[in-house]
Amino acid sequence: MRLDKYLKVSRLIKRRTVANEACDHERVTVNGKVARASYEVKVGDVIAIRFGERTLTVEVAAVQENAGKADAAALYREI
């Protein structure tokens, strides 16, 4: 699954266009490297997202095409 779609499905970022812009402005890294929106997310990847001064770091636990609000938190684990 594409990185921008994963960020939206997991509800780490609300909209896919916002996730795409975050990737374009190099605010998202995967496994320590700046990632493009088209990066293919795999289980075990470590994603870091910069929100201003704060950085959110998560590990991908599962990849699903669709996830309900209750299931979204099960897709990742905060580090």
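Throughout what follows, the structure given in this document is the object of discussion. Computed from a predicted model, the values in this text were never measured in an experiment.

## Comments concerning the pattern of salt bridges
Following the criterion strictly, the structure yields four salt bridges and no others. Linking R16 and D4 is a salt bridge whose minimum nitrogen-to-oxygen distance equals 3.3 Å. Here D4 lies in helix α1 (residues 3-9) and R16 lies in helix α2 (residues 16-24), a separation of 12 residues in the sequence. Among the residues examined, R16 registers a relative accessible area of 33% and is labelled partly exposed. Given the relative accessible area of 1%, D4 is considered buried. A salt bridge links E59 to R77, with the shortest nitrogen-to-oxygen separation between them at 2.2 Å.

Cut-off values and rules
- Residues numbered from 1 in each chain as written.
- Predicted model: local features only at pLDDT ≥ 70, side-chain atom pairs only at ≥ 80, totals over all residues.
- Heavy atoms only, no water.
- Salt bridge = Lys/Arg side-chain N within 4 Å of Asp/Glu carboxyl O.
- Helix = DSSP H or I, 4+ residues; strand = E, 2+ residues; numbered from the N terminus.
- Buried < 20%, exposed > 50% of the residue type's maximum accessible area, 1.4 Å probe, protein only.

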